[in-house]
Amino acid sequence: MVDPIPLPTVIEKSKTTKLGTSQRIDIRLDIAKQTQSDIRAMMIGIAVHESQEQTAIGNPPQRVIVDGRENKNIKQVNKKIEIYFGVKLAQVAMTTVESALLSAINKSTTAKTGRLKDIRGSWEWTLVQGGRSRVIQSADEIQSFGYRDYLMLKPKLPYATIVSNVIADTGKVKRRAKKQSINMGILGYAAQKAKRTAALRDFTVYASRTRDFMVPGEKSTTGTGYITIRAKRARRYRSLI
């Protein structure tokens with residue numbers, strides 16, 4: 001059986017001089033050099049081997065993140081290689097955002113009709129891929145979720161965004177930044193809460209507004225609010241509404 005993780009020899013066993021052959025004697029430097037090269041080779045070997053095996057069974061990689069960067073060559077790895085297969089992570093991300101939104105609603109509002117916290121009935125997900133968008137009913141409809149893809153959670157209710165705006169003025173939900181508390185609406189708070197979880201550490205999550213795709217009958221003059229999950233990880237977090 002061929003070892004899928006070869007370990008290269010990087011230490012010169014000897015060096016030649018005019019007087020003959022002399023052995024290397026700096027063992028500390030030799031070990032450090034060999035160890036670093038071995039670890040890099042092992043990481044690359046494992047990553048390539050696992051990717052080939054998963055691809056062979058119809059489960060190709062969706063994302064490859066090297067040292068925290070999505071566009072870094074795998075051969076330049078220094079610390080870690082992260083490979084995500086299938087779409088399970090995107091499905092977990094959706095559930096995490098929904099849970100954070102429900103938490104924000106429960107924390108800041110008193111139910112009258114209960115429609116606002118009906119995530120399945122009063123909110124909808126839109127999947128955007130290759131410049132095309134489609135509304136999806138559940139995470140099971142996602143067949144792939146790559147580097148440039150994103151998901152948007154938007155309310156169906158014309159008053160949801162204005163409720164979020166009002167809550168931002170009341171101070172019922174806050175986020176801490178530089179030793180101070182900042183009042184937030186339910187959308188901004190949910191995005192902030194979700195993006196800080198381990199499940200979303202490799203996604204970009206933020207809340208924003210749109211005038212171009214407002215909910216029919218929108219009550220807010222600033223546009224309809226929504227939460228976005230992007231497969232691409234941002235270097236900096238966006239400011240939240």
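The rules we used
- Residues numbered from 1 in each chain as written.
- Predicted model: local features only at pLDDT ≥ 70, side-chain atom pairs only at ≥ 80, totals over all residues.
- Heavy atoms only, no water.
- Core = buried A, V, L, I, M, F, W, Y, C linked by side-chain atoms within 4.5 Å.
- Buried < 20%, exposed > 50% of the residue type's maximum accessible area, 1.4 Å probe, protein only.
- Helix = DSSP H or I, 4+ residues; strand = E, 2+ residues; numbered from the N terminus.
- Contact = heavy atoms within 4.5 Å.
- Pairing = 2+ DSSP bridges.
- Phe/Tyr/Trp six-rings, centres within 6.5 Å; stacked < 30°, edge-to-face > 60°.
- Lys NZ or Arg CZ within 6 Å of the ring centre and 35° of its normal.
- Axes fitted to C-alpha atoms, helices over the stretch in contact; angles between N-to-C directions.
- Polar contact = N/O pair within 3.5 Å; in protein donor to acceptor, adjacent residues only side chain to side chain.
- Salt bridge = Lys/Arg side-chain N within 4 Å of Asp/Glu carboxyl O.

**Q** Break down the nonpolar core for me, citing the residues and quoting the values.
**A** In this structure, Val 97, Leu 101, Trp 123 and Leu 151 are the most contacted members of the largest nonpolar core, which totals 37 residues. Of all elements in the fold, only α2 (88-108), β5 (123-129), β7 (150-155), α4 (160-170), α5 (186-195), β10 (204-210) and β11 (224-230) reach the threshold of two or more residues within this core. Tallying contributions element by element places α2 first for this core, with eight residues. Dropping the residues within four chain positions of it, Trp 123 is found in contact with Leu 101, Ile 105, Leu 116, Asp 118, Leu 153, Lys 154, Pro 155, Lys 156, Ala 160 and Leu 187.

**Q** How would you summarise the side chain of Ser 164 if you had to cite specific residues and measurements?
**A** Here Ser 164 shows up in helix α4. By relative accessible area, Ser 164 is classed as buried at 5%. Discounting residues that sit within four places of it in the chain, Ser 164 has contacts with Gly 185, Ile 186 and Leu 187.

**Q** Quick rundown of the pairing of strand β6 (residues 132-136)? Include the residues and the values.
**A** Here β5 pairs with β6 via five bridges, running antiparallel. Paired with Leu 127 across the bridge in β6 is Arg 134. Between β5 and β6, which pair antiparallel and follow one another directly, the connecting turn spans two residues, one of which, Gly 130, has a positive phi of 60 degrees.

**Q** Residues and numbers for α5, please.
**A** Across the 10 residues that make up α5, a large majority, nine, are buried. Within the span of α5, buried status applies to Ile 186, Leu 187, Gly 188, Tyr 189, Ala 190, Ala 191, Gln 192, Ala 194 and Lys 195.

**Q** Go over the packing of aromatic side chains, please, and point to the residues and values.
**A** As enumerated under the stated definition, the model contains one aromatic pair in all. In this structure, Arg 230 is placed above the aromatic ring of Tyr 150, and the distance from its NZ or CZ to the ring centre is 4.2 Å.

**Q** Can you lay out the sheet that holds β7 for me, pointing to particular residues and giving the numbers?
**A** Read from one edge of the open sheet, five strands run β6-β5-β7-β11-β10, paired in antiparallel fashion. One side of each edge strand has no neighbouring strand; the edge strands of this open sheet are β6 and β10. When strand polarity is set aside, the average angle formed by the axes of neighbouring strands in this sheet is 25 degrees. Where β10 meets β11, seven bridges bridge the pair, whose relative direction is antiparallel. Bridge pairing in β11 places Tyr 206 opposite Thr 228. On the sheet, α2 packs against β5, β6, β7, β10 and β11 and is oriented at approximately 145 degrees with respect to β5.

**Q** Before we move on, can you summarise the environment of Thr 170 with the specific residues and values?
**A** Inspection of the secondary structure assignment puts Thr 170 in helix α4. Measuring from C-alpha to C-alpha, the distance between Thr 170 and Asn 183 comes to 7.5 Å, with 13 residues separating the pair along the chain. At 2.7 Å, the side chain of Thr 170 and the backbone oxygen of Ile 167 are in polar contact.

**Q** Just give me the short version of unusual backbone geometry, but keep the residues and values in it.
**A** The backbone phi angle of Asp 67 is positive, close to 55 degrees, even though this residue is not glycine. On the secondary structure map, Asp 67 appears in the loop between β3 (61-66) and β4 (81-85).

**Q** Requested: an account of the pattern of salt bridges, with residues and values cited.
**A** This structure, assessed with the given rule, holds four salt bridges. Note that Glu 82 is salt-bridged to Lys 80, the shortest N-O span being 3.8 Å. Glu 141 is the partner of Arg 134 in a salt bridge, and the nearest nitrogen-oxygen pair spans 3.8 Å.

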